[in-house]
Amino acid sequence: MIDIASGHPAIDRFLAESYERLRGMSSRFAAAISGHLIRRQSELGISGELVEIGTFEGRFFIAMALGLAPGEKAVGIDRFDWPNAGVEGRFLANCAAHGIARERFLSWKVDSREITSGDLRDRLGHKPIRFVHIDSHHTRECLRNDLELVHPLLHRDGMICLDDMLHPGYPMMASAVFDYLNRHPEMRLACVIDREDIVAAPKFLICRNNMFERYREELLGAFARFHFVLNADMESYFALVLTPYPRLAEVE
Ligand SMILES: C[S@@+](CC[C@H](N)C(=O)[O-])C[C@H]1O[C@@H](n2cnc3c(N)ncnc32)[C@H](O)[C@@H]1O
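Everything in this summary refers to the structure shown in the same document. (Residues numbered from 1 in each chain as written. Predicted model: local features only at pLDDT ≥ 70, side-chain atom pairs only at ≥ 80, totals over all residues. Heavy atoms only, no water.)

### Here we look at the overall build of the chain
From N to C terminus, the chain includes 8 helices and 9 strands. For 252 residues, the compact-globule formula gives about 18 Å, and the C-alpha radius of gyration of the chain, at 17 Å, lands near that figure. The principal-axis extent of the C-alpha atoms belonging to the chain is close to 55 × 40 × 40 Å. In the chain, which comprises 252 residues, the share counted as buried stands at 56%. Sequence separation of 24 or more characterises 72% of the internal contacts of the chain that already satisfy a separation of 6 or more. With an accessible surface of roughly 11,200 Å², the chain has 53% of that area assigned to carbon and sulfur atoms. Taking the average place of the 30 positive charges on the side chains of the chain and the average place of its 36 negative ones, the gap between the two points comes to 4 Å. (Helix = DSSP H or I, 4+ residues; strand = E, 2+ residues; numbered from the N terminus. Rg over C-alpha atoms; globule rule 2.2 N^0.38 Å. Buried < 20%, exposed > 50% of the residue type's maximum accessible area, 1.4 Å probe, protein only. Contact = heavy atoms within 4.5 Å. Areas by Shrake-Rupley, 256 points an atom, 1.4 Å probe, with all protein chains shown as cover. Lys, Arg positive; Asp, Glu negative; His and termini not counted. Charge placed at Lys NZ, Arg CZ, Asp CG, Glu CD.)

Structure, rendered in structure tokens:
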């Protein structure tokens, strides 16, 4: 098991004791890095709600929600119809079993393509989103929808985390991200979180330009030993790369 922690005691207890026993697809490596960012956002006074589109049985959602600051809520959005109708019940049971009080979160059974940013804003009580994990239907059309859904609601200093980027099974997904970055030049790819394996695939972290250096410093300060020093070439800048087992190819 990779030795990585978020620095948030409740998140780290969950990651160590339960995370991999819950069914789900996100890596513990990515959950620890995301938990670290959620903790640091709280310490920096970045306040708002936490959102996941595609909660499934709650593995990543619970890791996020354990980082809620007082007065904040988490919103979990899912169609809850796959692989069977019992999935929402298992999501709610997992939240209860791991200390997410019912009044701290909203379980919203809906297809993200059937709601507007206004609908989501109402569910958020008109508070901004400070951290959102998008992990729903793996098509360009759905990812485009979900990015535009959350974009107007994102806290100025907020973070978007995208699942299954650069996954061998979904090569087209990344193009939806680059189209989004072209439409919104105020946004940047801050970090690529590399895969653990084929079912715990890479994630992208995206933030506004104003927070790029800040998040970079936060991530490098905490996770320097996972840094792939060549970084990710975005042509006009370099995004950070964190990988469970960093190394360079031998050339001589
Ligand atoms: C890969 S699973 C999510 C895994 C989870 N985030 C984790 O880390 O364990 C994808 C989930 O997205 C849901 N989903 C797919 N398309 C959706 C959509 N358009 N709106 C809401 N939920 C959707 C599916 O029902 C499924 O539960």
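### Observations concerning a nonpolar patch on the surface
Together, Val229, Leu230 and Leu248 make up an exposed nonpolar region whose accessible area comes to about 290 Å². Structurally, Leu230 can be placed in the loop between helix H8 (209–223) and strand E8 (232–233). (Patch = residues over 30% accessible without salt bridge, like charges linked within 9 Å, V, L, I, M, F, W, Y side chains within 5 Å. Salt bridge = Lys/Arg side-chain N within 4 Å of Asp/Glu carboxyl O.)

### Some words on the packing of helix H6 (residues 140–150) against helix H7 (residues 173–183)
With their axes 8 Å apart at the nearest point, H6 and H7 run at an angle of 35 degrees to one another. Here H6 and H7 pass one another in a crossing that is right-handed. Where H6 approaches H7, its residues Arg140, Leu143, Arg144, Leu147 and Glu148 are matched on the opposing element by Met173, Ser175, Ala176, Val177, Tyr180 and Arg183. Classifying every residue of the contact of H6 with H7 by side-chain character gives 6 nonpolar, 1 polar and 4 charged. (Axes fitted to C-alpha atoms, helices over the stretch in contact; angles between N-to-C directions. Left-handed = near helix turned anticlockwise from the far one by under 90°. Nonpolar A, V, L, I, M, F, W, Y, C, P; charged D, E, K, R; others polar.)

### A few points about the environment of Leu143
Looking at where Leu143 falls in the secondary structure, it is placed in helix H6. In this structure Leu143 comes out as buried when scored by relative accessible area, which is 4%. Distance in space between the C-alpha atoms of Leu143 and Asn182 is 15 Å, their sequence separation being 39 residues. Setting aside chain neighbours within four positions, we find Leu143 in contact with Ile134, His137, Leu162, Met165, Met173, Ala176 and Val177.

### Observations regarding the side chain of Glu49
Mapped onto the secondary structure, Glu49 falls in strand E1 (residues 49–53). At a separation of 3.3 Å, a polar atom in the side chain of Glu49 contacts the main-chain amide nitrogen of Lys73. (Polar contact = N/O pair within 3.5 Å; in protein donor to acceptor, adjacent residues only side chain to side chain.)

### Details of the pattern of salt bridges
Following the criterion strictly, the structure yields 16 salt bridges and no others. The residue Glu213 makes a salt bridge to Arg216 at a minimum N-O spacing of 3.9 Å. Placement of the pair is Glu213 and Arg216 together in helix H8, with a separation of 3 residues, close to one helical turn. The class for Glu213 is partly exposed, based on a relative accessible area of 45%.

### Some points on the environment of Cys95
Secondary-structure assignment places Cys95 in helix H4 (residues 87–97). Residue class for Cys95 comes out buried when judged on its relative accessible area of 0%. Here the alpha-carbon distance between Cys95 and His167, two residues 72 residues apart in the chain, equals 28 Å. Dropping the residues within four chain positions of it, Cys95 is found in contact with Phe61, Ile62, Ile100 and Phe105.

### A look at the site of the ligand
Around the ligand, a shell composed of 20 residues is seen, among which Ser26, Gly54, Asp78, Ser112 and Asp135 lie nearest. For the ligand, an oxygen atom lies 2.6 Å from a polar atom in the side chain of Ser26. Within the backbone of Gly54, a nitrogen or oxygen atom sits 2.7 Å from a nitrogen atom of the ligand. When the ligand is considered free in solution it has 600 Å² of accessible area, and contact with the protein chains removes 94% of it. For the shell around the ligand, the residue count by class is 6 nonpolar, 7 polar and 7 charged. (Near = heavy atom within 4 Å.)

### Overview of the pairing of E1
Counting buried positions over the 5 residues of E1 gives 5, a clear majority of the element. Of the two faces of E1, both are covered, the one formed by Glu49, Val51 and Ile53 as well as the one formed by Leu50 and Glu52. Bridge count between E1 and strand E2 (residues 74–78): 4 bridges; the pairing is parallel. When the bridges of E2 are listed, Leu50 appears paired with Ala74. Following the backbone out of E1, through helix H3 (residues 59–65) and into the adjacent parallel E2, one traces a crossover that is right-handed. (Pairing = 2+ DSSP bridges. Right-handed = clockwise from strand over helix to strand, strands pointing away.)

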